[in-house]
Amino acid sequence: MNKPSTVNRPATLSLLLLGLWFLPLTASAHQEKGTVWGFTSGFLHPLTGLDHITAMVAVGLWGAFLGVPAMWVLPVVFPVVMAFGGALGVLGAPIPGVETGIALSSLILGICVAFAVRPPLWVAAVIVGTFAIFHGHAHGAEMPHAANAMTYAIGFVIATGLLHLCGIAFGLLVRWPWGKKLVRVGGVAIALVGFGFLFHFISA
Amino acid sequence: MNYKASMWLRWLPVALLLALPASASAHTVVSGVGDFFGGVLHPLTTPAHVLLLLGLGIYLGQQVPLKLKASLFVFVTVSALALGLTTTGLVKTVPPPLIIGLALLAGVLVALEIPPATWISRGLFALAALAIGLDSAVETGTGWVVVKTLLGTWTGLIIIVADLAFYSSKFTKWQWQRVGLRVAGSWITAASLMILAFALRHS
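Heads up: these notes are all about the structure in this document. What you are looking at is a predicted structure, and each value in this text was computed from that prediction instead of being measured.

**Notes on the overall build of chain B**
For step 1, the next point in the chain: Each helix and strand counted, chain B has eight helices and zero strands in total.
For step 2, the next point in the chain: Starting at the N terminus and ending at the C terminus, chain B contains elements arranged as α-α-α-α-α-α-α-α.
For step 3, the next point in the chain: The buried share among the 203 residues of chain B stands at 41%.
For step 4, the next point in the chain: A sequence separation of at least 24 residues applies to 82% of the contacts in chain B between residues at least 6 apart.
For step 5, the next point in the chain: Total accessible area computed for chain B in this model is approximately 10800 Å², and 72% of it derives from carbon and sulfur atoms.

Written out as structure tokens, the structure reads:
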């Protein structure tokens, strides 16, 4: 009688493929330009700054905390007003204290989430919209000259929207008591990041 | 090993294979697919067209119950006329802000989920078809090549809008689905607004 094999075939195969996955391949560097470069550049722009990321996630978190209809009004309002700010940035219209405004956005929105602040919807929309102008201005003004403007705009709007969705997804935990605490802790963390950036700008 | 674990292990190699890094083989989307299919893919290679078509498709699909006939009839007819006009050489290009402006309008309508007045809806589709059609002139080739490419573009435009409308209409049952469509509308609006600003800066 054959001895039953002790080898787990799927597991072995998986491990082998895992090893294959980590094999180093030659990097095929190529110049990034044109349509794809514009999209990549725009998509990565909101993801390369912690101040941007925390504020975007905070918008989603706060929206989820406030519940329907704020949960979807805020992520609809934010990109449109942000694009308005972006347009001002592109056209070279100066807005004072953009970086400070961005840092403040993380601080204030983080505090709103941490303390579960529940203002009327229009107040929340005005707060979020005001900060959106600063974020948009930074995106517009910092667009690389080599990038394709059209795909840059599409990329950064999509990245911003996805960050909101991350915030909303995390914020949906508020339906459980432990989740509510977790979301509020997230708000504290965002506020601290915002405070750090604000402190940095003030002391610089 | 339980059933779930074995299923995971069975699919793990496939997932890992899909995640294998490979060298990029950059090429244009249209090259090598022939005149007709090159035409079909043409609307997808122009970001402004994509933005406008997305707006139109979602706007159409957002309306419950789905009524494709009237708006699509306008779109199909006017786009055919506009593509035909490109062969005369009377209109070389369409100013990008016009196409983006229409995308902005479509995005706003989707974001606000405005019940459409018939004339707004048909007017938007007519203008969009005219703008995209006139902006899709075939720059190289003669005779049959041009005809095949334009026929492909016309087919592509219709397929894209009709498909987008059909699949968007599948996302109208639950409130969160409708919200998702409105968020998409706000993204189209935002991107269009930015692109308009870029166009203004360069003008």
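**Details of the environment of W122 of chain A**
For step 1, the next point in the chain: With respect to the element layout, W122 of chain A can be found in helix 6 (residues 121–141).
For step 2, the next point in the chain: Considering only alpha carbons, one finds W122 of chain A and V73 of chain A, 49 residues apart in sequence, at a separation of 9.6 Å.

**Examining helix 5 (residues 96–112) of chain B**
For step 1, the next point in the chain: In this model helix 5 of chain B runs 24 Å from its N-terminal to its C-terminal C-alpha over 17 residues, within 8% of the 24 Å that 1.5 Å per residue would give.
For step 2, the next point in the chain: All buried positions along helix 5 of chain B are accounted for by I99, I100, L102, A103, L104, A106, G107, L109, V110 and A111 of chain B.
For step 3, the next point in the chain: Residues of helix 5 of chain B that are buried sit in contact with helix 7 (149–171) of chain A together with helix 3 (47–62), helix 6 (118–134) and helix 8 (175–202) of chain B.
For step 4, the next point in the chain: Where helix 5 of chain B ends, the next residue or the one after it, E113 of chain B, has phi of about 50°, a positive value.

**Comments concerning the packing of aromatic side chains**
For step 1, the next point in the chain: Counting across every chain of the model gives eight aromatic pairs over all chains.
For step 2, the next point in the chain: Centre to centre, the rings of F39 of chain A and F43 of chain A are 5.8 Å apart; their planes meet at 20°, and the pair counts as stacked. Of the two residues, F39 of chain A and F43 of chain A are both situated in helix 2 (residues 34–44); the distance of four residues between them amounts to about one turn of the helix.
For step 3, the next point in the chain: With a relative accessible area of 23%, F43 of chain A lands in the partly exposed category.
For step 4, the next point in the chain: Aromatic ring contacts, followed pair by pair, group Y59, F75 and F125 of chain B into a single cluster.
For step 5, the next point in the chain: The lysine or arginine in question, R175 of chain A, covers the ring of W176 of chain A, its NZ or CZ lying 5.9 Å from the ring centre.

**Quick notes on the pattern of salt bridges**
Residues and elements named next belong to chain B.
For step 1, the next point in the chain: Under the defined criterion, the tally for this structure stands at three salt bridges over all chains.
For step 2, the next point in the chain: Across the pair D35 and K148 runs a salt bridge whose closest N-O atoms are separated by 3.7 Å. Here K148 lies in helix 7 (residues 144–169) and D35 lies in helix 2 (residues 35–41), a separation of 113 residues in the sequence.
For step 3, the next point in the chain: D35 gets classed as partly exposed once you look at its relative accessible area, which sits at 29%.
For step 4, the next point in the chain: The class of K148 is partly exposed, set by a relative accessible area of 27%.
For step 5, the next point in the chain: Taking the shortest distance from any N to any O, the salt bridge between E113 and R182 comes out at 3.5 Å. On the criterion of sequence distance, the pair formed by E113 in the loop between helix 5 and helix 6 and R182 in helix 8 is long-range, its members being 69 residues apart.
For step 6, the next point in the chain: With relative accessibility at 22%, the residue E113 sits in the partly exposed group.
For step 7, the next point in the chain: Among the residues examined, R182 registers a relative accessible area of 15% and is labelled buried.
For step 8, the next point in the chain: One connected set of salt bridges, linked through shared partners, spans E113, R178 and R182.

**Side note on the side chain of T54 of chain A**
For step 1, the next point in the chain: By the element assignment, T54 of chain A lies in helix 3 (residues 50–66).
For step 2, the next point in the chain: Those residues in contact with T54 of chain A, other than ones at most four positions away along the chain, are S106, I190 and V193 of chain A.

**Looking at the packing of helix 3 of chain A against helix 5 (residues 98–114) of chain A**
Residue and element names in this part refer to chain A.
For step 1, the next point in the chain: Running from N to C, helix 3 and helix 5 cross one another at 30°; their axes reach a closest spacing of 9 Å. Considering only the axes of helix 3 and helix 5, their crossing is left-handed. Contacts between helix 3 and helix 5 involve D51, H52, T54, A55, A58, V59, L61, W62 and F65 from the former and E99, I102, S105, S106, L109, C112 and V113 from the latter.
For step 2, the next point in the chain: Of the residues belonging to the contact of helix 3 with helix 5, the class tally is ten nonpolar, four polar and two charged.

**Points about the environment of A129 of chain B**
All names here are of chain B.
For step 1, the next point in the chain: Examined against the element boundaries, A129 turns out to sit in helix 6.
For step 2, the next point in the chain: For A129, a relative accessible area of 1% translates into the label buried.
For step 3, the next point in the chain: Taking C-alpha positions, A129 is 8.7 Å from L157, a pair spaced 28 residues apart along the chain.
For step 4, the next point in the chain: Excluding residues that lie within four positions of it along the chain, A129 makes contacts with F75, V78, S79 and A82.

**Quick notes on helix 7 of chain A**
For step 1, the next point in the chain: With 23 residues, helix 7 of chain A extends 33 Å from end C-alpha to end C-alpha; this agrees with the ideal 33 Å at 1.5 Å per step.
For step 2, the next point in the chain: The element helix 7 of chain A is extensively covered by neighbouring structure, given that 17 of its 23 residues are classed as buried.

Calculation rules
- Residues numbered from 1 in each chain as written.
- Chains lettered and ligands numbered in written order.
- Predicted model: local features only at pLDDT ≥ 70, side-chain atom pairs only at ≥ 80, totals over all residues.
- Heavy atoms only, no water.
- Helix = DSSP H or I, 4+ residues; strand = E, 2+ residues; numbered from the N terminus.
- Buried < 20%, exposed > 50% of the residue type's maximum accessible area, 1.4 Å probe, protein only.
- Contact = heavy atoms within 4.5 Å.
- Areas by Shrake-Rupley, 256 points an atom, 1.4 Å probe, with all protein chains shown as cover.
- Expected span 1.5 Å × (residues − 1).
- Phe/Tyr/Trp six-rings, centres within 6.5 Å; stacked < 30°, edge-to-face > 60°.
- Lys NZ or Arg CZ within 6 Å of the ring centre and 35° of its normal.
- Salt bridge = Lys/Arg side-chain N within 4 Å of Asp/Glu carboxyl O.
- Axes fitted to C-alpha atoms, helices over the stretch in contact; angles between N-to-C directions.
- Left-handed = near helix turned anticlockwise from the far one by under 90°.
- Nonpolar A, V, L, I, M, F, W, Y, C, P; charged D, E, K, R; others polar.

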